[in-house]
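Residue-level listing of the chains:
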2 protein chains.
Amino acid sequence: MTQNETFVYQLLCDADRPLSAYNILDALRDKGIRAPLQVYRALAKLVERGAVHRIESVNGFVACQLHDCGGNEVSIFMLCTQCERAHEFTNISIDSRLQSLSNDLGFQVAHKVIEITGRCADCQTAQTAAPKH
Amino acid sequence: MTQNETFVYQLLCDADRPLSAYNILDALRDKGIRAPLQVYRALAKLVERGAVHRIESVNGFVACQLHDCGGNEVSIFMLCTQCERAHEFTNISIDSRLQSLSNDLGFQVAHKVIEITGRCADCQTAQTAAPKH
DNA sequence: ACAGCTATGTTATATTATAACATTCCGAAA
DNA sequence: TTTCGGAATGTTATAATATAACATAGCTGT
Ligand SMILES: [Zn+2]
Ligand SMILES: [Zn+2]
Ligand SMILES: [Zn+2]
Ligand SMILES: [Zn+2]
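In this text, all values refer to a predicted model and were calculated from it rather than measured experimentally.

Q: What should I look at first to understand the overall build of chain A in this one?
A: A tally of helices and strands in chain A yields five helices and five strands. The N-to-C order of helical and strand elements in chain A reads α-α-α-β-β-β-β-α-β-α. Expressed as lengths along the three principal axes of its C-alpha atoms, the size of chain A is roughly 50 × 50 × 20 Å. Across the 133 residues of chain A, 38% fall into the buried class. Of the accessible surface of chain A, which amounts to about 7,400 Å², a share of 49% is contributed by carbon and sulfur atoms. With 13 positive and 15 negative side-chain charges, chain A shows a separation of 6 Å between the mean positions of the two kinds.

Q: It is not clear to me how the domain arrangement of chain A should be interpreted in this structure. Could you clarify?
A: For an interface, size is often stated in terms of accessible area lost upon the parts coming together. All names here are of chain A. You can read the domains of chain A as domain 1 (3-63) and domain 2 (76-126). Spacing between the C-alpha centres of domain 1 and domain 2 amounts to 21 Å. Regarding the contact of domain 1 and domain 2, the summed buried area is about 750 Å², with carbon and sulfur atoms giving 55% of it. Linking domain 1 with domain 2 are two salt bridges, by the criterion used here. A salt bridge links R85 to D16, with the shortest nitrogen-to-oxygen separation between them at 3.0 Å.

Q: Could you clarify how one ought to interpret the protein's contact with DNA strand C in this entry?
A: In the vicinity of DNA strand C lie 16 residues, with A:Y22, A:R54, B:Q38, B:R41 and B:K45 positioned nearest. A share of 43% of the atoms of DNA strand C within 4 Å of the protein falls on sugar and phosphate groups. The contact in question runs from a phosphate oxygen of DNA strand C to an N or O atom on the side chain of A:Y40, over 3.0 Å. Considering each element in turn, the surface near DNA strand C owes the most residues, four residues, to helix α3 (residues 36-48) of chain B. Here the residues of the surface near DNA strand C sort into six nonpolar, six polar and four charged.

Q: Explanation requested: the interface of chain B and chain A in the structure shown.
A: Facing the 31 residues of chain B at the interface are 31 residues of chain A. Roughly 2,800 Å² is buried in total at the junction of chain B and chain A, and carbon and sulfur atoms are behind 63% of that figure. For the pair chain B and chain A, the number of links is zero salt bridges. There are twelve residue pairs in polar contact (both at pLDDT 80 or more) connecting chain B and chain A.

Q: Can you help me understand the relation of the copies chain B and chain A in this one?
A: For the pair of chain copies, the relating operation is a rotation around an axis with a shift along it. The two copies are related by a screw operation: chain B maps onto chain A through 180 degrees of rotation and 0.0 Å of translation along the axis, at an RMSD of 0.0 Å. Considering both components of the superposition, the chain copies are consistent with a two-fold axis. Within chain B, B:I114 has its C-alpha nearest the rotation axis, a separation of 2.3 Å. The fraction of interface residues of chain B whose copies in chain A are also interface residues reaches 100%, indicating that both copies meet through the same surface.

Q: Would you explain the sheet that holds strand β5 (residues 108-119) of chain B in this entry?
A: Ordered in space as β4(A)-β3(A)-β5(A)-β5(B)-β3(B)-β4(B), the six strands form an open sheet in which the pairing is mixed. Both outer strands of the open sheet, β4 (86-90) of chain A together with β4 (86-90) of chain B, are each paired with one neighbouring strand and no more. When strand polarity is set aside, the average angle formed by the axes of neighbouring strands in this sheet is 20 degrees. With five bridges connecting them, strand β3 (residues 75-80) of chain B and β5(B) associate as parallel partners. For B:C80, the partnering residue across the bridge sits in β5(B) and is B:G118.

Q: I would appreciate a short explanation of the pattern of salt bridges in the present structure.
A: Pairing of side chains with opposite charge becomes possible as their charged atoms draw close. Residue and element names in this part refer to chain A. By the definition in use, this model includes twelve salt bridges over all chains. In this structure, E84 engages R17 in a salt bridge whose closest nitrogen and oxygen atoms are separated by 3.8 Å. Separated by 67 residues along the polypeptide, E84 in the loop between β3 (75-80) and β4 and R17 in the loop between α1 (3-14) and α2 (21-27) bring together distant segments of the chain. Take R17: its relative accessible area is 32%, and that puts it in the partly exposed class.

Each value, and the rule that gives it
- Residues numbered from 1 in each chain as written.
- Chains lettered and ligands numbered in written order.
- Predicted model: local features only at pLDDT ≥ 70, side-chain atom pairs only at ≥ 80, totals over all residues.
- Heavy atoms only, no water.
- Helix = DSSP H or I, 4+ residues; strand = E, 2+ residues; numbered from the N terminus.
- Buried < 20%, exposed > 50% of the residue type's maximum accessible area, 1.4 Å probe, protein only.
- Areas by Shrake-Rupley, 256 points an atom, 1.4 Å probe, with all protein chains shown as cover.
- Lys, Arg positive; Asp, Glu negative; His and termini not counted.
- Charge placed at Lys NZ, Arg CZ, Asp CG, Glu CD.
- Domains from an automatic or database assignment.
- Buried area = accessible area lost by both parts, 1.4 Å probe.
- Salt bridge = Lys/Arg side-chain N within 4 Å of Asp/Glu carboxyl O.
- Near = heavy atom within 4 Å.
- Polar contact = N/O pair within 3.5 Å; in protein donor to acceptor, adjacent residues only side chain to side chain.
- Nonpolar A, V, L, I, M, F, W, Y, C, P; charged D, E, K, R; others polar.
- Contact = heavy atoms within 4.5 Å.
- Least-squares fit on C-alpha atoms with pLDDT ≥ 70 in both.
- Pairing = 2+ DSSP bridges.
- Axes fitted to C-alpha atoms, helices over the stretch in contact; angles between N-to-C directions.

See below:
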């Protein structure tokens, strides 16, 4: 892992929500990172290697939260609109059904995206406990 | 449906692939549409009403290809990187598994995205029939 | 006529991503 | 050791996507 990749990866591991490339850029200015391309290049490598996932729904990036999700299962992200956290899951059954749907249609899969947007359990209970008046 | 919405919707229905907001803007200049916001506003309404879907993976928009997909099933899009076409499907089994995964976790679902990127059957056979040397 | 609402239009700006080109670094081959 | 070549890095500029802020027009019910 190169130096810039390490900086970006560490930052994403420490973050509790997806960060945009420009969030990362701002956070790493003092590490000598000054231009968007430096961030995008590091992200491209990290994503390619499965250490980081791109979250399409929010144009953001998160460090992989699972061991070896680089297998052939798709990751499922639940994205809370309130706390902005992203939780990563895998589900063999969903993945195999998607795969067989693709196979049935002769579609050659390169990449799958499953993202669910909504409110996480924590945020629901938090709001129930302290409702706004 | 307002005039701008009609223009945008018709264009998307005629298109054979997802269009970006700026594709739409360029195509509708002669209809009097001059600014991105006019397009984005029409798209927001159309998406809200389920007539149009946003494709996160390509920052594009397509007219709904199914009758009444506005039920509670999620749409599954297969996106061909070669011909750029988007095919829309529903699958009750995949949807219900996603839903029960969310329920188990206490996650309150607002929106689901399932997008599969790859090569469609047509493009595979086309390339097989006429390979590049 | 008036108030309130929706749609529309316009300009400017924010956010996300890539192109094009120059430079540096480092290991392998000569 | 020198030199070659690839990988990484840095820099500037620009493309592509999306929204903010404000002004205007039209329509509806009172
Ligand atoms: Zn992962
Ligand atoms: Zn939350
Ligand atoms: Zn649909
Ligand atoms: Zn195709």
